[in-house]
Amino acid sequence: MLSSSDEAAALVSGAREFGSSLNDGLAERDRLGEFDRSLWLRCADFGILGLPIPERYGGSEQEVPTIAGALEGLGYGCRDNGLLFALGAQLWSVELPLLLLGTEEQRERYLPRLVDGSIIGAHAVTEPEAGSDAFSLRTTARQDGDHWILDGAKTFITSAPVADVFLVVATIDPALGSRGLTAFLVDRDTEGLTVGLPFEKMGLRTSTISEVFLSGCRVPAAQLLGRPGGGSAVFGVAMEWERLLILAPALGTMRRQLEECVRYARSRRQFGTPIGKQPAVAGKLVDMQLRLETSQLLVYRGAARKQEGKRLTYEPSQVKLHVSESWVQTSMDALQLHGGSGYMVELGVERDLRDALASRIYSGTSEIQRLLIAGFLGL
């Protein structure tokens, strides 16, 4: 764990500088929809995948606000939003549930390799008929001696085409609803598990995604994560951490977008004056700044409360809702401000918008976040 605020600041600034070294060839990777494992390994070497993980498993166990700061710095320097998203998906929906709910044997087996990048993890919960309503999933698990047999299909699974281990959520009895959910760690080479072809996506194209099929998939009982019927706790841990921090890199992205737009508004002249002097343009820039700062306040407030051990209720949903909607609107404003050049692929402005749009869908849609927050208001 960091011993001083100076070391924390050095990590944050170092992450920004490191992030800027990850952009070579991005336009081509985005065009082809390619995941670059060498960049993944570089992020692991820098320590990104070990930020919340104790040293005994190869991590550095940073404080939560420091993790948020490091990810914000990484997002400022790195323009590869697909890579940033894939890193977050493993951190918050695979590593944290494993750390907090796994057995010591499971943690020792998987965490060091997840942290050093030698294996990649994927969280497999979403199904064709169970997206926002995750508790209605149909993948089943039945016990057979010292094994469990899994049958079902998962879809839209981030990193599935390149994953080495899957955190699969199934049900031991659909009639039990959330009380039937059960989680398993399933290695890729387990008989009965197959991975579909990668989907082609609108954005986040450097993060690969596909279906996962389970047919008579025989999993040792030692691979049960938590207890039978305890899958909702696994899912809850994943969603709390993911909603709180998966968009921390977007804070850096939005800051970079704002700075680039301000520079452009100062240099671009129309009707004899910089366009930044036009009230409509100046207003967009002010709105971009307000969205950035309110997003930062929500993220760092939630991170501080998490570090203090306080119970989070609606905060992760607030963060997910506000930051995702802010990132989308800021990306739209950046494109509009740049006009025709912003619409061209070469500049990269349109890529941020394509990437941002997915943030209103993954980890619970904006509509679901509003329902969750409304529930805490007593509605």
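Everything quoted here is computed from the prediction, not taken from an experiment.

Trainee: Help me understand the pattern of salt bridges in this model?
Mentor: Side chains that differ in sign of charge can pair as their charged atoms come close. A full pass over the atoms with the stated rule returns 18 salt bridges. The residue Glu315 makes a salt bridge to Arg305 at a minimum N-O spacing of 2.8 Å. Here Arg305 lies in helix H9 (residues 279-307) and Glu315 lies in helix H10 (residues 315-343), a separation of 10 residues in the sequence. Judged by its relative accessible area of 5%, Glu315 is buried. Using a relative accessible area of 27% as the deciding quantity, one classes Arg305 as partly exposed. What emerges from the salt-bridge pattern is a single network uniting Asp30, Glu350 and Arg354.

Trainee: What is the right way to read the pairing of strand E2 (residues 140-144) from this model?
Mentor: Looking along a regular strand, one sees the side chains alternate between the two faces of the sheet. Summarising the sheet, E2 and strand E3 (residues 147-158) pair through five bridges and their orientation is antiparallel. When the sheet's bridge partners are listed, Asp144 is paired in E3 with His147. A loop of two residues connects E2 with E3, the two strands running antiparallel in sequence, and Gly145 in this loop sits at a positive phi of about 65°.

Trainee: Mind showing me how you'd approach helix H11 (residues 349-357) here?
Mentor: Counting along an α-helix, one turn takes 3.6 residues, and residues three or four places apart therefore face a common direction. In terms of residue burial, H11 counts as a mostly covered element, since eight of its nine residues are buried. Listed as buried for H11 are Val349, Glu350, Arg351, Asp352, Leu353, Arg354, Asp355 and Ala356. Of the surrounding elements, those touching the buried residues of H11 are helix H2 (26-32), helix H5 (81-101), helix H8 (248-267) and H10.

Trainee: Help me understand the packing of aromatic side chains in this model?
Mentor: Note on aromatic pairs: each is described by the distance of the centres and the angle between the planes. The tally for this structure, following the rule as stated, stands at seven aromatic pairs. Just above the ring of Tyr76 sits the side chain of Arg16; from NZ or CZ to the centre is 3.9 Å.

Rules used throughout
- Residues numbered from 1 in each chain as written.
- Predicted model: local features only at pLDDT ≥ 70, side-chain atom pairs only at ≥ 80, totals over all residues.
- Heavy atoms only, no water.
- Salt bridge = Lys/Arg side-chain N within 4 Å of Asp/Glu carboxyl O.
- Helix = DSSP H or I, 4+ residues; strand = E, 2+ residues; numbered from the N terminus.
- Buried < 20%, exposed > 50% of the residue type's maximum accessible area, 1.4 Å probe, protein only.
- Pairing = 2+ DSSP bridges.
- Contact = heavy atoms within 4.5 Å.
- Phe/Tyr/Trp six-rings, centres within 6.5 Å; stacked < 30°, edge-to-face > 60°.
- Lys NZ or Arg CZ within 6 Å of the ring centre and 35° of its normal.

Any functional reading would require information that these geometric values do not contain.
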